[in-house]
Amino acid sequence: MNSTYTDGSMVRDNCYSLHKIGPEDAFKLALERSGMTWQKLSKEMGWAESHTKRVFSLERYFPTYEDLPKFCSTVGNMVIINWLQVQAMQYGMEHKHADVDCQSLVFRISKLFGETSDVGQEAHSAVADGVLEPKELRRIIGELNDVVNTSLDMIADLRQLERKLKAEQ
């Protein structure tokens, strides 16, 4: 599951959203996109279980720079590299996290469902004649990017809330 197109357009399309998530969340996103368990990743990376658990915990603990190419290859995506690129491109541009409460979470989930519905509508239109055309594919990809951006925005804010709640314990 590659996280980028051969022309690098994922970095451009999702630049804003990748900027909003922290490094801890970027590692989690890379693992989630891979479909692997953290145990399988640990084995393939040759990491101790305790090391892997720390990498995917709420604390700021990361693999070494030397591990990054192998990590990307093992998870089969470039999320970490794309995240680093976006952070460098937007260095100093801080993201303000939105507060999340029960009411705002319900509202944001409904927005995500609306974006997902837009993907379905575009796909339905595209397959109606039994032929997929480049312009139809671009519209579907655009709608999918809206889903990804909405999701990453929500993930960033929920992770921030998760860290805040853990710190209050």
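Before reading further, recall that the structure is shown in the block above.
The shown structure was predicted, so the numbers you read here are calculated from the model rather than taken from an experiment. (Residues numbered from 1 in each chain as written. Predicted model: local features only at pLDDT ≥ 70, side-chain atom pairs only at ≥ 80, totals over all residues. Heavy atoms only, no water.)

A.B. asks: How would you summarise the packing of aromatic side chains if you had to cite specific residues and measurements?
C.D. replies: Going through the model one piece at a time under the given rule, you end up with three aromatic pairs. With centroids separated by 5.2 Å and ring planes inclined at 65°, the aromatic side chains of F27 and F71 adopt a geometry described as edge-to-face. Of the two residues, F27 is situated in helix 3 (residues 23–34) and F71 in helix 6 (residues 68–75); the sequence distance between them amounts to 44 residues. Since its relative accessible area comes to 5%, F27 is described here as buried. Note on F71: relative accessible area 0%, which makes it buried. Ring-pair connections join several aromatic residues into one group, and the members of that group are F27, W47, F62 and F71. Sitting over the ring of Y61, R54 keeps its end group 3.8 Å from the ring centre. (Phe/Tyr/Trp six-rings, centres within 6.5 Å; stacked < 30°, edge-to-face > 60°. Helix = DSSP H or I, 4+ residues; strand = E, 2+ residues; numbered from the N terminus. Buried < 20%, exposed > 50% of the residue type's maximum accessible area, 1.4 Å probe, protein only. Lys NZ or Arg CZ within 6 Å of the ring centre and 35° of its normal.)

A.B. asks: Summarise the side chain of R108; cite the residues concerned and give the values.
C.D. replies: Mapped onto the fold, R108 is located in helix 8 (residues 102–127). On the accessibility criterion, R108 (16% relative accessible area) is buried. Discounting residues that sit within four places of it in the chain, R108 has contacts with A98, V100, D153, M154 and D157. (Contact = heavy atoms within 4.5 Å.)

A.B. asks: Kindly report on the packing of helix 6 against helix 7 (residues 79–89), identifying the contributing residues and their values.
C.D. replies: Where helix 6 contacts helix 7, the axes come no closer than 8 Å and their chain directions differ by 125°. When the axis of helix 6 is compared with that of helix 7, the two are oblique. Along the contact surface, helix 6 presents L68, F71 and C72, while helix 7 presents I80, I81 and L84. Residue composition of the contact of helix 6 with helix 7, grouped by class: six nonpolar, no polar and no charged. (Axes fitted to C-alpha atoms, helices over the stretch in contact; angles between N-to-C directions. Parallel < 35°, antiparallel > 145°, perpendicular 65-115°, else oblique. Nonpolar A, V, L, I, M, F, W, Y, C, P; charged D, E, K, R; others polar.)

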